[in-house]
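One-letter residues, chain by chain:
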Amino acid sequence: MPIYRENQPTADILMTSMRSMGYSFESAIADIIDNSISANATKIELKYPADPSEAFVAICDNGVGMTSSELYNAMKYGSRHHSDEREELDLGRFGLGLKSASLSQCRKLTVISKKDGEISSYVWSLDHVEKQKNWEIAQYSNDEIKEIKFNDYLSELEHGTVVLWEDFDVIEKSSGQVYAALSKYQQSTADYIALIFHRFINRDRNKIQIYSNNYLIEGLDPFLENHPKTDPRRKINLPIMDSTGVERMVYVQPYVLPFQKDLSAEDKRLSGGIENYRSKQGFYVYRNERLIIWGTWFGRHRDELTKYARVKVDIPNTLDDIWGIDIKKQNATIPGVIKKQLTKAVDEAMDLAVKKQKHRGRIEKIDDEIDYIWDRIQCRDNVFTYKINRDSKIFDLIKGQISDSAWNQLDMVLEEIENAVPYQQIYIDKSQNKVDEEISKERMAEIQAKAEMLIKMSVSMWNTTRENAIDILLKSEPFNQFPQLKDILYNER
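All figures in this text were calculated on a predicted structure; none of them were measured in a lab.

Undergrad: Mind laying out the side chain of K47, listing which residues take part and the relevant values?
TA: The residue K47 is located in strand β1 (residues 43-47) in this model. Within polar-contact distance, the side chain of K47 engages the side chain of E45 at 3.0 Å. With sequence-adjacent residues up to four places away left out, K47 is seen in contact with F56, V57, A58, C60, F150, N213 and N214.

Here is the structure:
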């Protein structure tokens, strides 16, 4: 029989370690707002200092509040097991968000809450924990509560909660100017909240008002649902079994957004900014209407012609473990059991997006066996333009190495390169035999080195032989223009 011994974690080490979980300032604030929404708050106010001599952030709400014992439990690390039965609209996950999110940004976390006419307060001080090396939390008396910032916020409310952050050591070390940094975060956090919680802010009934220093935050609309040229595709309901064997529903709604030329200034703002209009295509995954992850295709094939498609995916909190929702609620992993079904739903939307794009012309190929880098596209009135072929095997290798967002940003750069091709000057230089087309030894060595790099990537990514990778590469521009490479590459090991 083994002997079981209590082995508690070292308080100061664990608490300090959990500060490095990867919360951004904006995501930490959002995690606290999750608690307010779960507490049925209809008004949430973010408070930032107006005086440069002060340094604090307060998140105040009119939610149901907590009694002293409820607050004490809420301040405990792991205040409930993540598999415990939760309310349908609960936005919590592991019982860590309040503490881990707050203390990722500050060293002192104070929470005041009011319920049933009782006001209570507890404080986590990292300084005290590091000194005592024990899980000691401060309980404040009524007189001490009167000295806490924003204690009066609750005086006119029947119930509510104030979360107060102080002692911003992380910000101080990174910027040296806490007040200036908090002022900057005030705007970026408002923008973040406008997207993450847009469905709570924009809904007609039971809407939630969120303020940032008396400024009412307006929700965004990443799908431009009210735009006359937005095309919502058929909504699909996907049944999926949770980890306990109960069937749950995932709701999928694809949208094809309007062309940029059809957007007003307000449309651009609602969609999240014109700089993100193209780069944030893909899935938008919501957990109980709260946005978790967005602007990703989860590794599915990305096509230049699908740049106006966004897909809303709604999942319940009962599927957290299957979707791999992390503690920060910033990441999700698409489950293999529904990836195929989701792909089918997306392809339906993509078909329309492709049709909307293809009217611009058809590709004219001289040789169907060649994997061209540049596509020659026949447009209306029998004129031609040239576009970089994003479906080239070489680009497939690059896509596999970078994120969806990075690829979409690269795609926009490539588009501007296409629009800036100096056709006239190329024509003049070519007609006067002034285009340098000599293949120097340096050029040959350079193309060989690049070929070797791409072959290694092909073998690894496509799980193929070196010989097959060479054959594929030599059908792609510009490598097909160097037939002498074949023997060199076959003999290289």
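Undergrad: Account for the pairing of strand β7 (residues 209-212), naming residues and giving values.
TA: Note: β1 against β7, four bridges, orientation parallel. Residue pairing across strands places E45 opposite Y211, the latter belonging to β7. Strand direction decides the pairing type here: β7 and strand β8 (residues 215-216), joined by two bridges, are antiparallel. When the sheet's bridge partners are listed, Y211 is paired in β8 with L216.

Undergrad: So, the pattern of salt bridges: which residues are in play, and what are the values?
TA: Counted according to the given criterion, the structure contains 19 salt bridges. Here D34 and R290 are joined by a salt bridge, their closest N and O atoms 3.0 Å apart. One end of the pair, D34, is in helix α2 (residues 25-38); the other, R290, is in strand β13 (residues 290-296), with 256 residues separating them in the sequence. A residue is classified by how much of its surface remains accessible, and D34, at 0% relative accessible area, is buried.

Undergrad: Residue-level account of the sheet that holds β7, with values.
TA: In spatial order, the strands read β5-β4-β3-β6-β2-β1-β7-β8; together these eight strands make up an open sheet with mixed pairing. The sheet is open, and its two borders are formed by β5 (138-139) and β8, each paired with just one other strand. Note: strand β4 (residues 118-125) against β5, two bridges, orientation antiparallel. In the sheet register, Y122 faces β5, and the bridge partner there is Q139. Sheet strands touched by α2: β1, β2 (56-61), β6 (160-166) and β7. Its angle to β2, the strand with the most contacts, is close to 25 degrees.

Undergrad: Describe the packing of aromatic side chains, and please don't skip the residues or the numbers.
TA: Following the criterion strictly, the structure yields 15 aromatic pairs and no others. With a centroid separation of 6.3 Å and an interplanar angle of 80 degrees, the aromatic rings of W124 and W135 are classed as edge-to-face. With W124 in strand β4 and W135 in the loop between α5 (126-132) and β5, the pair connects residues that are 11 residues apart, well separated along the chain. The class of W124 is buried, set by a relative accessible area of 4%. Relative to Y308, the ring of F259 lies with its centre 5.3 Å away and its plane at 80 degrees, an arrangement referred to as edge-to-face. In this pair, F259 sits in the loop between β11 (247-256) and α10 (265-270) while Y308 sits in the loop between β13 and β14 (309-315), placing the two residues 49 residues apart along the sequence. A residue is classified by how much of its surface remains accessible, and F259, at 12% relative accessible area, is buried.

Undergrad: Account for a nonpolar patch on the surface, naming residues and giving values.
TA: On the surface, W374, F384, Y386, V413, I417 and Y423 cluster together to form a nonpolar patch covering roughly 530 Å² of accessible area. Among the elements of the structure, β17 (384-388) and α15 (404-419) are those that each provide at least two residues to the nonpolar patch. When its relative accessible area of 47% is taken as the criterion, V413 is described as partly exposed.

Undergrad: Describe helix α18 (residues 466-473), listing the residues and the values that go with them.
TA: Residue pairs three or four apart in sequence face the same way in an α-helix, which turns once every 3.6 residues. When we look at burial in α18, the residues that qualify are R466, A469, I470 and L473. The buried residues of α18 all sit within an arc of 100 degrees when viewed along its axis, so they share a single face.

Undergrad: I'd like a description of the nonpolar core, backed by residues and values.
TA: Residues W165 and F197 are the most contacted members of the largest nonpolar core, which totals 64 residues. Considering every element that reaches this core, the biggest residue donor is helix α8 (residues 178-196), with nine residues. With near-sequence residues (within four places) excluded, F197 lies in contact with A30, I33, D34, I37, I210 and R290. Counting 20 residues, the second-largest nonpolar core is a separate cluster that includes I236, V250, F283 and A309.

Undergrad: Provide a residue-level description of the packing of α2 against α8, including the pertinent values.
TA: Packed helix pairs are specified by the crossing angle of their axes together with the interaxial distance, meaning the distance between the axes. Remark: α2 packs on α8, axes separated minimally by 9 Å, with the N-to-C direction vectors making an angle of 60 degrees. Comparing the axis directions of α2 and α8 gives the class oblique. The crossing of α2 and α8 is right-handed. In contact with F25, E26, S27, I29, A30 and I33 of α2, α8 contributes L182, Y185, S188, T189, Y192 and I193. Considered class by class, the residues forming the contact of α2 with α8 number eight nonpolar, three polar and one charged.

Definitions and limits used
- Residues numbered from 1 in each chain as written.
- Predicted model: local features only at pLDDT ≥ 70, side-chain atom pairs only at ≥ 80, totals over all residues.
- Heavy atoms only, no water.
- Helix = DSSP H or I, 4+ residues; strand = E, 2+ residues; numbered from the N terminus.
- Polar contact = N/O pair within 3.5 Å; in protein donor to acceptor, adjacent residues only side chain to side chain.
- Contact = heavy atoms within 4.5 Å.
- Pairing = 2+ DSSP bridges.
- Salt bridge = Lys/Arg side-chain N within 4 Å of Asp/Glu carboxyl O.
- Buried < 20%, exposed > 50% of the residue type's maximum accessible area, 1.4 Å probe, protein only.
- Axes fitted to C-alpha atoms, helices over the stretch in contact; angles between N-to-C directions.
- Phe/Tyr/Trp six-rings, centres within 6.5 Å; stacked < 30°, edge-to-face > 60°.
- Patch = residues over 30% accessible without salt bridge, like charges linked within 9 Å, V, L, I, M, F, W, Y side chains within 5 Å.
- Areas by Shrake-Rupley, 256 points an atom, 1.4 Å probe, with all protein chains shown as cover.
- Arc of directions from axis to C-beta.
- Core = buried A, V, L, I, M, F, W, Y, C linked by side-chain atoms within 4.5 Å.
- Parallel < 35°, antiparallel > 145°, perpendicular 65-115°, else oblique.
- Left-handed = near helix turned anticlockwise from the far one by under 90°.
- Nonpolar A, V, L, I, M, F, W, Y, C, P; charged D, E, K, R; others polar.

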